[in-house]
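Each chain, written out:
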Amino acid sequence: MSPSTQTRSTCPYCGVGCGVVIEAQAGQIIGVRGDPDHPANFGRLCTKGSTLHLTATAEVTRQTRLLQPMQRAARGAAPQPLGWNAALDGAAERFARVIAEHGPDAVGFYLSGQLLTEDYYVFNKLAKGLIGTNNLDTNSRLCMSSAVAGYKQTLGADAPPACYDDLQHAGCLFIVGSNTAWAHPILFRRIEDAKRANPALQIVVVDPRRTDTCEIADLHLALQPGTDVMLFHGMLHLMLREGWTQPGYIAAHTSGFDALAALVRDCTPEAVAQVCGITQNALARATRLFATSPATLSLYCMGMNQSTSGTAKNAALINLHLATAQIGRAGAGPFSLTGQPNAMGGREVGGLSNLLPAHRDMANATHRAEVAAFWGVESIPALPGKSAIEMFQAAADGEIRALWIACTNPAQSMPDQATVRRALERAEFVVVQEAFAGTATCAFADLLLPATTWGEKEGTVTNSERRISRVRAAVPPSGEARHDWTIAADFARRLAGRLGRGAALFPYRTPESVWNEHRETTRGRDLDITGMDYAMLEAAPQQWPLPAGATQGKPRLYEDGRFATADGRARFAAAPYQPVAEPRDGRYPFSLNTGRLRDQWHGMSRTGTLGRLFGHVPEPTVQMHAQDMARQHLAEGDLVYLTSRRGSIVVPVAASPDLGASQAFIAMHWGPEYLGGRSSTGTALAGVNALTTPAHCPVSKQPELKHTAVKILKAELPWSLLAMAWLPEDQALRVRAQLRALADALPFVSCVPFGGTGRTGVLLRAAGHEAPDSSLLAQIEQLLGLSGSDTLRYADPRRGQRRAVRLQREGAAAHVVGVLLAGDTRAEAWIRALLQDQLPAQDFGRQLLSFQAKAPAGVQSRGKVVCSCFGVSESAIRDRLSQCSGSGEQRLAALQGALQCGTNCGSCVPELKRMVRATEALA
Amino acid sequence: MKKMKLVMVGNGMAGVRTLEELLKIAPGLYDITVFGAEPHPNYNRIMLSPVLAGEQTLDEIVLNPWNWYRDNGITLHAGKKVVSVDRRQRTVRAEDGTEAAYDRLLLATGSNPFMLPLPGADLQGVVAYRDIADTQAMIEAAMTYRHAVVIGGGLLGLEAANGLKLRGMEVSVVHHGDWLMERQLDSTAGALLRGALEQRGLHFLLNAHTAEMLGNDQGRVCAVRFQDGREVPADLVVMAVGIRPNIALAQQMRLHCEHAIVVNDTMQTVTDARIYAVGECAQHRGVAYGLVAPLFEQGKVAANHLAQHGIGRYQGSQTSTKLKVTGLDLFSAGDFKGGEGTEEIVMSDPFSGVYKKLVLQGDKLVGACLYGDTVDGNWYFELLREGRDVGALRNQLMFGEPTA
């Protein structure tokens, strides 16, 4: 056995940018741990990060990765493999033809905040430099563009002025529109540390939902969706009234305050309370904390950004920091938390349709000329390209004819899927450059190019606090996969020839050579990194700016009160409050919010490969207030039609105490890869984003994914199906995809993996008006290993009733390893526990086939898994807690001592605390 | 007043049950004479299998001992086979010349085993499995010989095979069908049954067509040869390929017969109202039953009519079968095969070796086939016979009678 290697790299999930150490052996990743020296995490990892190595096993790779270039002869046909040369030549040929016939703006590139800075840079140069189109946008548009616009509008540059270390210096944390506990778990660990170290630290959480982040809050403002601007203006109104602003700072370092002060005059506490749905008391308390704390640090994320008022929300919050001088000091400032691992890096190289390298603006002729000169091209087109929403609209309208999509999954993540699908179908040529073969977008590709991914890639990423870290390869590329920047450069060189230009624009041989060119573009800019090089980054991650001559970056910006504007003054933005684009009304009476789950990431192409990451939230549901459910005569688990003006999906409903009345929530992850079905007109249901609106912020162009008006009606689909089985590791994921596709003809289907340590199962749930052909059920049984002679069966085809229960015998004991319940599935309540928890089943015999919803004596479900790291279930925690005594903290400690839950990554600690509080102390 | 004379031909279960019913409701109405071909009083033919298997003795399966006939004033001619009936004179005559006159004649001649007309069928050691004599022949053969071949994988054949195996023989069952007991079981249950019997040491040759029986120098069978040329050694061959209603006498009497003696709803032959027929020899509404429960129902009707009550009518029976192989529970009833217009509910549990099929027509249970667990057989049979609406019970049906 060859010795194992240790490679330091960066986690590919959220924007916290944690350092990881990858252990590999014989070309295979075998372990991962937090890098103790990385300043983002100091060795900690969350549920997702700590299981990264399990998403890169040989079994997962074989089943889920795109391993060779493939092309489709026709849409809908099975893709056929081809060689890299043929693939790239063909792509260049098609792009060249489209450009020749329809001009450079007939092509578009849609990239990802998960690409590395080097990848981004090459693509950006390819589009804006070589082809001469600004039609290059990324999924950062759905994520950070409002934060970008907000910063630029007020502070003058797209630069988060604070750093993680500020958490330790803050007197007040103002967390807005961010479920940090789930979306940025390691940062939340630091918040917990800060609170522990300084119990006087006051934490305010502003969120329509009572998320796990609220667990640590001293004050939670459950405002009505989309009313943040009104809240911030109201806070400023109060600050002015109470004399909490800092006129000296305002006078010395800002401009435009008078207009803002006039604007907020009408935002009285009464008006704010009414619009935002909070009490005046709460408003007053939040305002006082914000304004009077020694240092107030705002942390904010998608709740602010994914809005038609996204820029206004960001700016209105920054207004508060400027008005109270809560900026430019340790522990103070508006700190936008980046969603993706490298949305920051993408912005640095100008990877949006309105940006140019090194935070240059496309609208600025000087900037365009600088970039053109630097690249050695004649000019950069002046008009901004299409932003994400516009790009797909243009493709749907036939204006954009060739699309290149890399490292992102628009057929899952973009709002208004009907338009996105029309775009992908109408485009003449769609290239999808991907690491994973099963994304929804892959189904629309004419050409599929296999890309390397985490563990295989080399380059850099920038995290939320402007810190650039190295991403390093621990193992060689899987199959024929190539690095994203290599693919872009190889394609660019081929295209250059066909466009009659030299290939000299793309001379890169290594990611470092790309990075060095990028670095040069930053000289003299706000993000100047000319003092850095790869060697320096090898030693340790560095924050920008770090100009030539500097030895370290700046942890925080604007300490001198000089901002990145022409006159050095920050600008107050005076945008009035605007309601959401689609207020709820009589026909669509619910506000649908979307967001993250704790253990999942984006479209789940990576996290979805691990059954255990489904332990916390196993299946898609839409959450509602229990009283709203009662009013609609909905019971837990009932299927509902969730319908917006754009589309409809079918999904089970679940009551949630986290939501206010008339609000609903569904996780953003549930795309068509996991949640599907078919409408009565035969259209495939496209997951959560079939509903969401393309309405977007006029400035940032970021769509309002956080608010859609929907109606929720009970779906009468009396025939239901539950099929689940433990499967061999090297088959489970493929079977899941096959099952998902197989059941797609039914009105409702969801298909997810489940599992624990080292085991994977697949769960298929479906429903319909009537039983499908029995051959479909036979196929499902076959895929789940329920066709053998070790399976108990029951079938009443006329009534659509069918059951199969596979038992595995070990001596006298027997365990349920696979189950299919069709027709009446109420027995799921206990049979599922038998299977998932591997409870002894030898005594049940044919009761396993019965219809009863109540478990025979002896079956008790463990409930959902709260701690993913140690697989500790809700019921185990409850049982244990009933024996613990003392204060809340003592009981938590006793619980953790006994069960280990929450002692590894800590992501479940907020939930544990909630459970501790909910359980009466013995003492 | 002089009593009427009732003569019964056949001393089997259906006939004697008719007499019992008659004696119950009209004692002393008739002078009764019974002719039986076997030299035994009435015994439970169904229990021959346990006798063969050594689980019961012959004495134990006698239903009506000699003194029962005496006590009830019945003249019994056991071992006397009736060879002719003069319907004009209304007399019956046995092989040995014994004669009896009748006012009413009850034919209960049962059925004969069907012997395949194959070369070698007349060899020594080739037997049917029908009566005490056959059973004794098999028991004796088992004491002397090693190899037995049972032709026919139906109910009777399997019981014979099981009995012979228990008596120490190497037994092969030859069956022309794809699975065992295809008249009572579907392929799944048939396969389960085969597996269970194989575990008991039986051998099976399915889809096998017997060509001939080969004999040795002594004129005893020594092997069975199949159409594909295969041969298996056989010192005893039991033919259990079916039964044929015994209608030779009736035909000779010129009673209207189809495949059995045609009777009406009062069990009177359609040809001669003085003559009744019950049991396996009778054909009622096109059906000749081979199972005991319908025969008893027929007996009850015939007795009612003979007693001159005249109110009983037989309207056909639902039938059920059980396999009498200890440890193997099998039950089928009604139209368990299903077909046009019927719906099936099927359940199987390979771990307990249980298979169940219920056949429904609309909301009524019309058939059941149970393998491995027949506890609910009687409940199903009751639902089936009574034609009860089981719509509301449907999802429960397979899991047994609801408790309270």
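Residues numbered from 1 in each chain as written. Chains lettered and ligands numbered in written order. Predicted model: local features only at pLDDT ≥ 70, side-chain atom pairs only at ≥ 80, totals over all residues. Heavy atoms only, no water.

1. Some remarks on the overall build of chain B
The helix and strand inventory of chain B stands at 10 helices and 25 strands. Compactness check: chain B gives a C-alpha radius of gyration of 22 Å against a globular reference of 22 Å for 404 residues, within 12% of the reference. Taken along the three principal axes of its C-alpha coordinates, chain B extends 65 × 65 × 35 Å. Within chain B, the proportion of its 404 residues that are buried is 53%. (Helix = DSSP H or I, 4+ residues; strand = E, 2+ residues; numbered from the N terminus. Rg over C-alpha atoms; globule rule 2.2 N^0.38 Å. Buried < 20%, exposed > 50% of the residue type's maximum accessible area, 1.4 Å probe, protein only.)

2. Remarks on the domain arrangement of chain A
Residue and element names in this part refer to chain A. Assigned domains of chain A: these are domain 1 (4-64), domain 2 (70-139 + 342-543), domain 3 (144-336), domain 4 (582-596 + 613-714), domain 5 (716-861) and domain 6 (865-918). Between domain 1 and domain 2, the C-alpha centre-to-centre distance is 25 Å. Summed over both partners, the interface of domain 1 with domain 2 buries about 1700 Å², with 59% contributed by carbon and sulfur atoms. When the area that domain 1 buries against domain 2 is broken down by residue, the three leading residues are R8, T10 and T64, summing to 29%. Taken together, domain 1 and domain 2 are joined by zero salt bridges. Our enumeration of links across domain 1 and domain 2 arrives at eight residue pairs in polar contact (both at pLDDT 80 or more). (Domains from an automatic or database assignment. Buried area = accessible area lost by both parts, 1.4 Å probe. Salt bridge = Lys/Arg side-chain N within 4 Å of Asp/Glu carboxyl O. Polar contact = N/O pair within 3.5 Å; in protein donor to acceptor, adjacent residues only side chain to side chain.)

3. Describing the UniProt feature "domain: 4Fe-4S Mo/W bis-MGD-type" (unreviewed entry) in chain A
UniProt annotation of "domain: 4Fe-4S Mo/W bis-MGD-type" (unreviewed entry) refers to residues 4-60 of chain A when read in the numbering used here. Between the end C-alpha atoms of residues 4-60 of chain A there is a gap of 20 Å, over a span that is 5% helix and 35% strand. (UniProt positions renumbered as here; feature names shortened; annotations may be inferred.)

4. What to know about the interface of chain A and chain B
Opposite the 19 residues of chain A that make contact, chain B presents 19 residues. Of the roughly 1600 Å² buried between chain A and chain B, counting both surfaces, carbon and sulfur atoms make up 53%. Taken as a group, A:Y794, A:R799 and A:R846 account for 38% of the area that chain A buries against chain B, more than any other trio of residues on that side. Inspection of the chain A/chain B interface yields five salt bridges. In this structure, the salt-bridge partner of A:D796 is B:R394, at a minimum N-O distance of 2.6 Å. (Contact = heavy atoms within 4.5 Å.)

5. Looking at the side chain of A:N463
All names here are of chain A. In this structure, N463 sits in the loop between β19 (459-462) and β20 (467-471). Engagement of the side chain of N463 in a polar contact is seen with the backbone oxygen of V16, the distance being 3.0 Å. Residues contacting N463, with those up to four places away along its chain left out, are G15, V16, G17, A40, Y164 and M344.

6. Description of the sheet that holds strand β6 (residues 99-101) of chain B
All names here are of chain B. Spatially, three strands are ordered β4-β5-β6 in an open sheet, and the strand pairing comes out antiparallel. Whereas interior strands pair on both sides, the edge strands pair on one side only; in this sheet they are β4 (82-86) and β6. When the angles between neighbouring strand axes are averaged without regard to direction, this sheet yields 20 degrees. Relative to β6, strand β5 (residues 91-94) is paired through three bridges, and the arrangement is antiparallel. By the bridge assignment for β6, V92 is matched with A100. (Pairing = 2+ DSSP bridges. Axes fitted to C-alpha atoms, helices over the stretch in contact; angles between N-to-C directions.)

7. Here's the deal with helix α27 (residues 888-899) of chain A
All names here are of chain A. With 12 residues, α27 extends 16 Å from end C-alpha to end C-alpha; this agrees with the ideal 16 Å at 1.5 Å per step. Those residues of α27 that sit buried are R891, L892, L895 and Q896. End-on, the buried residues of α27 take up no more than an arc of 135 degrees, which puts them together on one face. Exposed residues pointing more than 90 degrees away from the buried face of α27 are listed as E889 and G897. Summarising the contacts, the buried residues of α27 are in contact with α26 (874-881) and α28 (909-918). Q900 occupies a position one or two residues after α27 and carries a positive phi of about 70 degrees. (Expected span 1.5 Å × (residues − 1). Arc of directions from axis to C-beta.)

8. Topic: the domain arrangement of chain B
Residues and elements named next belong to chain B. On domain assignment, one finds that chain B holds domain 1 (4-112 + 244-306), domain 2 (126-239) and domain 3 (329-399). Inter-centroid distance (C-alpha atoms) of domain 2 to domain 3 is 30 Å. Across the contact, 11 residues belong to domain 2 and nine residues belong to domain 3. Summing the contributions of domain 2 and of domain 3, the shared interface buries around 860 Å²; its carbon and sulfur component is 69%. When the area that domain 2 buries against domain 3 is broken down by residue, the three leading residues are Q184, D186 and L192, summing to 47%. Taken together, domain 2 and domain 3 are joined by zero salt bridges.

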